[in-house]
Amino acid sequence: MAGGHPWTRRLYSAALLALAPLLWWRVWREHRAGRSRGERLGWIPASSDADRPLWLHCASVGEVQAAQPLIEALRKRYPQHRLVITTMTATGAERAVALAEAASDEAGGEVSHYFLPLDFPCAARRFVARLRPRLAIFFETELWPNLLASCARRGVPVAVVNGRLSARSFRTYRRLRRLMQEALSHVDWLGAKSRQDAERFAALGMAEDATSVTGSLKFDIALNDEALEVSERLHTLLGGRPVWVAGSTHPGEDEALLTAHARVREIRSEALLILVPRHPRRFEAVAELCAARGLACARRSKGEAPGSETAVYLGDTMGELRALYGAADLAFVGGSLVPVGGHNLLEPAAMGVPVLTGPELANFEDVAETLREHQALVEVADGEALTAALLRLFDEPAERQRLAEAGRTVVEANRGALARTLDGLETLLSR
C-alpha cells in the first residue's frame, strides 16, 4: 500500500521527542531485571541473513495471553523461523518469556522476547534494521507510525491481526485521521475481529481490499493439560467451599470486591475469594488491603494453602489466571467496575465457569454481546449488585450449570479465527 500524509508523522515524531523525558520515565518503570534499557532505543542483537524471524508485537500480558494460540501455531507451522515477541510492559515480558521457556521443551521454532522500542524515528529504524523480520505482525490496536514506516522502508510485509477498534479508540484515532491514514498505508493485510471493526479501520484509511473479517482469536483459546490439572488439584483442595474468582482487578475495584466478599461471608461464612490483581506491582498493596479489612489471606506465591479460616486466596503469580478460574464456582472478570474497559471474558467461559462482569466493557463489547445473545453472561452495575448475584448463584447450582454450558458453547461455536488468520499471514509470507 502507499499514500497518506508523511508530514503528519513528522509532527507526531516531534511531539514524541518533546515528551521524551516522560516516556523514558515510563520505560524506567516498565523493565525486567537483566535486560538492557537500550532495547527501548532499538539496540538489539542483529539478525543474520539466515535468521530472519517472524515478529509479533503484543502490548501487554492480556494481549500475549490472547495471542497464545497464534504463537503456538506460528511455531509449529514455521519451525524454520525464530519467533520474536515484543511487548511494551514488564508483565507482558514475563508472560512472553514464560512462553519462550515452555517452547524450548517442545517441537517447533524458537521463541524469544524484546521490549518494543519507543516510536522515535531513529529507534524504530534501528530496531527494524537489526531485527530484519521476514514478517511483522501487530496485535489488535498496536499501530506505531514510525515502526510501520520503517517496515515499509525495509520491504517487510506488515499484518494487523485480531484488529479491533473500540468506540473510544476510534474517536481518538479519528481526530488523528491523517496520521492514521499514513500509518495504515503501510499495512499489507488486516484481519479484523468483526465487520464493525473493519468499517472503523476503513474510515481511518485502511484499504478495504486488504481487509478480511477473521473473527476474534480470543475464541481460539487453547486449554492445556497443565492448567486443567492445576484447576483440578486446587478444586479438590478447597473441598466443596463456595468459591469465586475475581481476575485481572484494578485499583478502586479491589475495595469494592472485598466489600462484596465480606457481605457474602455474612451469609456464607465458608466462602472463599480467589483474588488476582492485574499488575504484579500491586500484589503487596492488595495483600495489605486484605489485612486492613480483617480478611485472612493466603498467598499463592508463598506456597500458602487456603485453609478453612482463609477468606481470600491471593493469586499473586503470573500465567495462572486461567487455571485459577477453573478452580472456582463463579468468575468475575475485572477492569469492569472501574473505567478500564474490561478484560477477557472468554477465559473463564472456556474453563466452564459462569462469567460475571461489571458495566465497563468498552474493550470487549463484541465478546460481551455474543455472550449476552446466548444468555451466558451475568452483568452487575456495582459491588452491591455483585453481592446479590453471588449469593443467588451460590444457591442455584442448576443455573450455574446452565451458565457454564452456555459459555463453553459460545467459545466452541466461534472458534475458527486462528485458521483464517494463518491463511492471511501465509499469503504475505508467500510473496
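Going by the structure above, here's the rest.
The present account deals with the structure reproduced in this document. Because the structure is a prediction, the values reported are computed rather than measured. (Residues numbered from 1 in each chain as written. Predicted model: local features only at pLDDT ≥ 70, side-chain atom pairs only at ≥ 80, totals over all residues. Heavy atoms only, no water.)

Concerning the environment of L70
So, point 1. Considering the arrangement of structural elements, one finds L70 in helix 4 (residues 68-77).
So, point 2. Put simply, L70 and D316 are 246 residues apart on the chain and 26 Å apart in space, counted from C-alpha to C-alpha. (Helix = DSSP H or I, 4+ residues; strand = E, 2+ residues; numbered from the N terminus.)

Quick word on the sheet that holds strand 5 (residues 158-163)
So, point 1. Overall, parallel pairing links the seven strands, which are arranged 3-2-1-4-5-6-7 in an open sheet. Each having just a single partner strand, strand 3 (111-115) and strand 7 (211-213) make up the two edges of the open sheet. Averaged over all adjacent pairs, the angle separating strand axes in this sheet is 20°, with direction ignored. (Pairing = 2+ DSSP bridges. Axes fitted to C-alpha atoms, helices over the stretch in contact; angles between N-to-C directions.)

A word on the pattern of salt bridges
So, point 1. Applying the stated criterion across every chain, the model contains 23 salt bridges.
So, point 2. A salt bridge links R75 to E72, with the shortest nitrogen-to-oxygen separation between them at 3.1 Å. Of this pair, R75 and E72 both sit in helix 4, three residues apart, which is roughly one turn of that helix. Per residue, the accessibility class of R75 equals that of E72, and both read buried.
So, point 3. R322 is the salt-bridge partner of E347, the closest N and O atoms lying 3.1 Å from each other. In this pair, E347 sits in helix 15 (residues 346-350) while R322 sits in helix 14 (residues 321-326), placing the two residues 25 residues apart along the sequence.
So, point 4. Looking at E347, the relative accessible area reads 7%, which means it is buried. (Salt bridge = Lys/Arg side-chain N within 4 Å of Asp/Glu carboxyl O. Buried < 20%, exposed > 50% of the residue type's maximum accessible area, 1.4 Å probe, protein only.)

Some points on the side chain of R400
So, point 1. You can see R400 is positioned in helix 18 (residues 397-413).
So, point 2. Buried charge without a partner: R400 forms no salt bridge, and the closest opposite charge is D329, 4.6 Å away. (Lys, Arg positive; Asp, Glu negative; His and termini not counted.)

Some details on the state of the cysteines
So, point 1. On inspection of all chains with the given rule, the structure shows zero disulfides.
So, point 2. Here C58 stays free of any disulfide, with the sulfur of C151 as its closest cysteine sulfur at 15 Å.
So, point 3. For C290, which is in no disulfide, the shortest distance to another cysteine sulfur is to C297 and amounts to 4.4 Å.
So, point 4. Given a relative accessible area of 0%, C290 falls into the buried group. (Disulfide = S-S within 2.5 Å.)

A closer look at the environment of A136
So, point 1. Of note, A136 is situated in strand 4 (residues 135-139).
So, point 2. With a relative accessible area of 0%, A136 lands in the buried category.
So, point 3. Separated by 269 residues in sequence, A136 and E405 have C-alpha atoms that sit 38 Å apart.
So, point 4. Leaving out residues up to four positions away in the same chain, A136 has contacts with W55, C151, V156, P157, V158 and A159. (Contact = heavy atoms within 4.5 Å.)

Examining the pairing of strand 8 (residues 243-249)
So, point 1. Buried residues dominate strand 8, accounting for seven of its seven residues.
So, point 2. Where strand 8 and strand 12 (residues 330-333) come together, four bridges link them in parallel fashion. Looking at the pairing, A246 lines up with F332 of strand 12.

Concerning the pairing of strand 1 (residues 54-57)
So, point 1. Neither face of strand 1 is exposed, since L54 and L56 on one face and W55 and H57 on the opposite face are all buried.
So, point 2. By the bridge criterion, four bridges tie strand 1 to strand 2 (residues 83-87) in an arrangement that is parallel. Counted as the bridge partner of W55 is V84 from strand 2.
So, point 3. Pairing of strand 1 with strand 4 involves four bridges; the strand directions are parallel. When the bridges of strand 4 are listed, H57 appears paired with F138.

Any functional reading would require information beyond the geometric quantities listed.
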